[in-house]
Amino acid sequence: MKKQRSFSLGRIFSNDYNSDLATSLTILSWFFYIFAILFGHLPSRQGLLVITELHLQYLLKIAIFITAFAIISLFRRLLFFHTLYKRGVEVTGNIYTILDCDFRHRVEYKYQYQNVDYWRGNALTRSTYNRSNFKNGDEVILVVDPQNPKWAVIRDIYF
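Residues numbered from 1 in each chain as written. Predicted model: local features only at pLDDT ≥ 70, side-chain atom pairs only at ≥ 80, totals over all residues. Heavy atoms only, no water.

## Some points on the sheet that holds strand E4 (residues 105–113)
Okay, so step 1: Here five strands make up an open sheet; going across it, the order is E5-E4-E3-E6-E7 and the pairing antiparallel. In this open sheet, the two strands that pair with only one neighbour each are strand E5 (116–124) and strand E7 (148–154). Averaged over all adjacent pairs, the angle separating strand axes in this sheet is 40°, with direction ignored.
Okay, so step 2: Where strand E3 (residues 89–100) meets strand E6 (residues 139–145), six bridges bridge the pair, whose relative direction is antiparallel. When the sheet's bridge partners are listed, Glu90 is paired in E6 with Val143. (Pairing = 2+ DSSP bridges. Helix = DSSP H or I, 4+ residues; strand = E, 2+ residues; numbered from the N terminus. Axes fitted to C-alpha atoms, helices over the stretch in contact; angles between N-to-C directions.)

This is the structure in structure tokens:
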């Protein structure tokens, strides 16, 4: 029986490393700004750094910049996933490389679409990577954009 795909923001945010990073950096930047306002200092190597009005202005600018960048990044990622959901076709691929770093996990795969070979990958959150249990050579179902076949994701992770 063929698995029915569904579009879920929760699945994208919980599985996609890039979306998770953009969200986390935004939260972290605002946390530092609010912490500095509430307590008037930040921890540093030399002890406590006393926050001046100038520091607060810089922290606010940094938080706003990161938030703007994150919103643009998240919008592009969601558009990417929505496009794949709406017009993507399923193809079979094989896991080629698994990169397991402390902060980032990437699963790369090879597939063929219309007799052209492609090699792509997905950066996954730690929990998704640990749960997925991929091994080199594993066969996976991919969702590929027929108008731009180099865009692909592993179906069972995102849809």
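So, next bit.
## Some remarks on the nonpolar core
Okay, so step 1: Phe134, Leu142, Val153 and Ile154 are the most contacted members of the largest nonpolar core, which totals 23 residues.
Okay, so step 2: If sequence neighbours within four positions are ignored, Val153 has contacts with Phe80, Phe81, Leu84, Tyr109, Asn122, Ile141, Leu142, Val143, Tyr158 and Phe159.
Okay, so step 3: Listed in part, the five residues of the second largest apolar core include Tyr33, Ile51, Leu56 and Leu59. (Core = buried A, V, L, I, M, F, W, Y, C linked by side-chain atoms within 4.5 Å. Buried < 20%, exposed > 50% of the residue type's maximum accessible area, 1.4 Å probe, protein only. Contact = heavy atoms within 4.5 Å.)

## Things to note about the side chain of Asn15
Okay, so step 1: Mapped onto the elements, Asn15 comes out in helix H1 (residues 9–15).
Okay, so step 2: Judged by relative accessible area, Asn15 falls into the buried class, the value being 4%.
Okay, so step 3: Side-chain polar atoms of Asn15 contact the backbone oxygen of Arg11, separated by 3.0 Å.
Okay, so step 4: Within the structure, Asn15 has its side chain in polar contact with the backbone oxygen of Ile157 (distance 2.7 Å).
Okay, so step 5: When sequence neighbours within four positions are dropped, the list of residues in contact with Asn15 reads Ala123, Leu124, Thr125, Thr128, Arg131, Ile157 and Tyr158. (Polar contact = N/O pair within 3.5 Å; in protein donor to acceptor, adjacent residues only side chain to side chain.)

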